[in-house]
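# Reading the structure
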Amino acid sequence: DGGEPSAPVYSGSSECLAVADAIPGDVWIFNLLTGKGNASAIWAAQRIPSDHVAPLANAFTIRKMSLDDPENYLYSPGVTKLAEERGWWSPRDEHSSQVFDFFGAYGHTPEPGIFAEEPDNQRTVVQYYSG
């Protein structure tokens, strides 16, 4: 539920999906959340290289996006706008104006010390990436 238009609940209106196309064999990670005032949506997609794996646990995983690389990253118009307006991200945070940290801006990061109470799927993804 994204909440009321006057008071959107951004943390409760997000999804992480995998989208696959058999021809030409592409797999994309697709992250989305409600847009400003629950109008439309903010989304990003990242192509998974054919020699990679990507575990998904319904949590944002797209980090540093190259906004000028449409072969590997796609996104909604104004993908950075809400993050800038809310103070969640600034272009000054990046080494290039063509880089945007989608998870850093829109993802959920638990407070220190409460990770043990997070759902099992999030622990599994962290364990996977930790080796």
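Conventions we followed
- Residues numbered from 1 in each chain as written.
- Predicted model: local features only at pLDDT ≥ 70, side-chain atom pairs only at ≥ 80, totals over all residues.
- Heavy atoms only, no water.
- Helix = DSSP H or I, 4+ residues; strand = E, 2+ residues; numbered from the N terminus.
- Buried < 20%, exposed > 50% of the residue type's maximum accessible area, 1.4 Å probe, protein only.
- Contact = heavy atoms within 4.5 Å.
- Areas by Shrake-Rupley, 256 points an atom, 1.4 Å probe, with all protein chains shown as cover.
- Pairing = 2+ DSSP bridges.
- Axes fitted to C-alpha atoms, helices over the stretch in contact; angles between N-to-C directions.
- Core = buried A, V, L, I, M, F, W, Y, C linked by side-chain atoms within 4.5 Å.
- Salt bridge = Lys/Arg side-chain N within 4 Å of Asp/Glu carboxyl O.

Turning our eyes to something else, we now look at the overall build of the chain. Looking only at helices and strands, the chain has three helices and eight strands in total. Tracing the chain from N to C terminus, the helices and strands come up as β-β-β-β-β-β-β-α-β-α-α. Buried residues in the chain amount to 29% of all 131 residues. Residue pairs in contact within the chain that sit at least 24 positions apart in sequence constitute 51% of those at least 6 positions apart. Accessible surface, the chain: about 8,200 Å² in total, of which carbon and sulfur atoms supply 53%.

A sheet is described by the order of its strands in space; here four strands give the open sequence β3-β4-β5-β7, paired in antiparallel fashion. The sheet terminates laterally at β3 (14-21) and β7 (73-75), the two strands that pair on one side only. Averaged over all adjacent pairs, the angle separating strand axes in this sheet is 20 degrees, with direction ignored. Of the strand pairs in this sheet, strand β4 (residues 26-34) and strand β5 (residues 41-47) are connected by seven bridges, and their pairing is antiparallel. When the sheet's bridge partners are listed, W28 is paired in β5 with R47.

Right, let's get into the nonpolar core. If you look at the biggest cluster of nonpolar residues, it comprises 20 residues, and the most contacted ones within it are I42, M65, F100, F102 and Y106. Secondary structure elements with two or more residues in this core: β4, β5, α1 (81-86) and α2 (102-106). For this core, the element with the highest residue contribution is α2, accounting for four residues.

Further remarks concern the pairing of β4. Across eight bridges, the pairing between β3 and β4 is antiparallel. For E15, the partnering residue across the bridge sits in β4 and is L32. What sits between β3 and β4 in their antiparallel hairpin is a turn of four residues, with G25 showing a positive phi close to 95 degrees.

Quick look at the pattern of salt bridges now. Here the idea is simple: oppositely charged side chains can pair when their charged atoms come close. Throughout the structure, instances matching the rule amount to five salt bridges. Its salt-bridge partner being D26, residue R47 comes within 2.8 Å of it at the nearest N-O pair. Linking R47 in strand β5 with D26 in strand β4, this pair joins segments that are 21 residues apart in sequence. A salt bridge links D101 to R63; the nearest nitrogen and oxygen atoms lie 2.6 Å apart. Of the two residues, D101 is situated in strand β8 (residues 99-101) and R63 in the loop between β5 and β6 (64-66); the sequence distance between them amounts to 38 residues.

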